[in-house]
Amino acid sequence: LAGCSAALSIDLGGLLALAGNEAGLAELEKALPPREGRYPMRPPLHAAFHTALQEPVAAAGRAALPVDLFTAPAIPLIDGNGRIWRPRETRPAELRAYTLGAQVTGPYDFARAVRVAVTEFAPEVLIVPGPGTTLGGSIAQSLIACRWRGIGGREQFLDQQGTAPFVLAMALEEQRAVAVGC
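Only a predicted model underlies this, so the values are computations on that prediction, with no experimental measurement involved. (Residues numbered from 1 in each chain as written. Predicted model: local features only at pLDDT ≥ 70, side-chain atom pairs only at ≥ 80, totals over all residues. Heavy atoms only, no water.)

## Re the side chain of Ser 142
Inspection of the secondary structure assignment puts Ser 142 in helix 6 (residues 135-145). Residue class for Ser 142 comes out buried when judged on its relative accessible area of 1%. From its side chain, Ser 142 meets the backbone oxygen of Ser 138 in a polar contact 2.9 Å long. Beyond its immediate stretch of four places on either side in the chain, Ser 142 contacts Leu 12, Gly 13, Ala 111, Val 114 and Arg 115. (Helix = DSSP H or I, 4+ residues; strand = E, 2+ residues; numbered from the N terminus. Buried < 20%, exposed > 50% of the residue type's maximum accessible area, 1.4 Å probe, protein only. Polar contact = N/O pair within 3.5 Å; in protein donor to acceptor, adjacent residues only side chain to side chain. Contact = heavy atoms within 4.5 Å.)

## Comments concerning helix 3 (residues 92-99)
When we look at burial in helix 3, the residues that qualify are Leu 95, Arg 96 and Tyr 98. Around the axis of helix 3, the buried residues are gathered within 165 degrees of arc, so they sit on the same side. Contact partners of the buried residues in helix 3: helix 2 (55-64), strand 4 (84-85), helix 4 (102-105) and strand 5 (108-109). (Arc of directions from axis to C-beta.)

## Some points on the environment of Leu 168
Along the polypeptide, Leu 168 turns up in strand 7 (residues 167-169). You can call Leu 168 buried: its relative accessible area is 0%. As a C-alpha pair, Leu 168 and Leu 126 span 42 residues in sequence and 6.1 Å in three-dimensional space.

## Looking at the pairing of strand 1 (residues 6-11)
Strand direction decides the pairing type here: strand 1 and strand 2 (residues 16-20), joined by five bridges, are antiparallel. By the bridge assignment, Ala 7 is partnered in strand 2 with Ala 19. Counting the residues in the hairpin turn of strand 1 and strand 2 gives four residues, including Gly 13, whose phi is positive at 75 degrees. In this sheet, strand 5 lies alongside strand 1 in parallel orientation, the contact comprising two bridges. Opposite Ile 10, over in strand 5, you have Tyr 108 as the bridge partner. (Pairing = 2+ DSSP bridges.)

## Brief notes about the nonpolar core
One finds Phe 110, Ile 139, Leu 143, Phe 157, Phe 166 and Val 167 to be the most contacted residues of the largest nonpolar core, which totals 25 residues. For this core, the elements supplying multiple residues, two or more each, are helix 3, helix 5 (110-121), strand 6 (126-128), helix 6 and strand 7. In this view, Phe 157 contacts Ala 140, Leu 143, Ile 144, Ile 151, Phe 166 and Val 167; residues no more than four positions away in its chain are not counted. (Core = buried A, V, L, I, M, F, W, Y, C linked by side-chain atoms within 4.5 Å.)

## Here's the deal with the pattern of salt bridges
Inspection of every chain in the model, using the stated rule, returns ten salt bridges. One salt bridge in this structure joins Glu 36 and Arg 38, with 3.7 Å as the shortest N-O distance. Owing to a relative accessible area of 48%, Arg 38 belongs among the partly exposed residues under this scheme. A salt bridge links Glu 155 to Arg 154, with the nearest nitrogen and oxygen atoms 3.8 Å apart. Taken together, the shared-partner salt bridges connect Glu 22, Glu 29 and Arg 42 into one network. (Salt bridge = Lys/Arg side-chain N within 4 Å of Asp/Glu carboxyl O.)

## Points about the packing of helix 5 against helix 6
Orientation of helix 5 relative to helix 6, taken along the N-to-C sense of each, is 60 degrees, at an axis distance of 9 Å. It follows that helix 5 is oblique to helix 6 by the angle criterion. Regarding helix 5 and helix 6, the two cross each other, and that crossing is right-handed. Note on element contacts: helix 6 touches helix 5 through Leu 135, Ser 138, Ile 139, Ser 142 and Leu 143, opposite Phe 110, Ala 111, Val 114, Arg 115 and Val 118. A per-class count over the contact of helix 5 with helix 6 returns seven nonpolar, two polar and one charged. (Axes fitted to C-alpha atoms, helices over the stretch in contact; angles between N-to-C directions. Parallel < 35°, antiparallel > 145°, perpendicular 65-115°, else oblique. Left-handed = near helix turned anticlockwise from the far one by under 90°. Nonpolar A, V, L, I, M, F, W, Y, C, P; charged D, E, K, R; others polar.)

## Description of the packing of aromatic side chains
Scanning the entire structure with this criterion turns up three aromatic pairs. Relative to Phe 166, the ring of Trp 148 has its centre 5.3 Å away and its plane inclined at 65 degrees; by these criteria the two rings are edge-to-face. With Trp 148 in the loop between helix 6 and helix 7 (154-163) and Phe 166 in the loop between helix 7 and strand 7, the pair connects residues that are 18 residues apart, well separated along the chain. Neither Trp 148 nor Phe 166 differs from the other in exposure class; each is buried. Summarising the aromatic geometry, the rings of Phe 157 and Phe 166 are spaced 5.6 Å apart at their centres and angled 80 degrees between planes, so their arrangement reads as edge-to-face. (Phe/Tyr/Trp six-rings, centres within 6.5 Å; stacked < 30°, edge-to-face > 60°.)

Written out as C-alpha cells, the structure reads:
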C-alpha cells in the first residue's frame, strides 16, 4: 500500500520482530492474526531498527565516524549475518562499512549469530548480559534449532538448564553468581 513501509527487523529464533513506519505497522496489525493474546504487539521504545528506514541514521554515522576510529577486534565478533570478524583477518574499513551500513539498515539474524557462536566456538556457557532475561528464550530456541548438545526440544532444554545451567542471565542473582565465577 502507498505510504506503508514494513520489514523484518530481527529474527529471534521462533519470534520475529517486524518494524516499519506507522502506516506499515497499522497494516501489519490488521493482517496478522492475534496469537496467544499477545501478538502482534508493539514493544515499548522499538523503532524501525535494522530496516531501510534507518538509512538516515546510518548516513549520519558514516559522516561522523571516520574509518580510523575502527580497529580489528581483540576477540572474534559475530555479526547479525552470522559472519565472524576475526582479529587478524578483519579490515577496519570493512568492519566500519558493516557497522554503519547493513548492521543499521538490514535485518539482524540473532538466531543465526547464536548458532554460529555455539557451533564455531563451543562455549561452556552463554551469558545473557541483560538488562533483563528476554533474550534467554530466543537463545533457547536457537540452540534447539541446531540441536546443540543434543537438545531437541523445550523440555530437554529446561531439564538441562535445571541440572547444570549453561544459559546464564546476569539479571538473575543465582545465575549471575555462576557467571561471575566462570
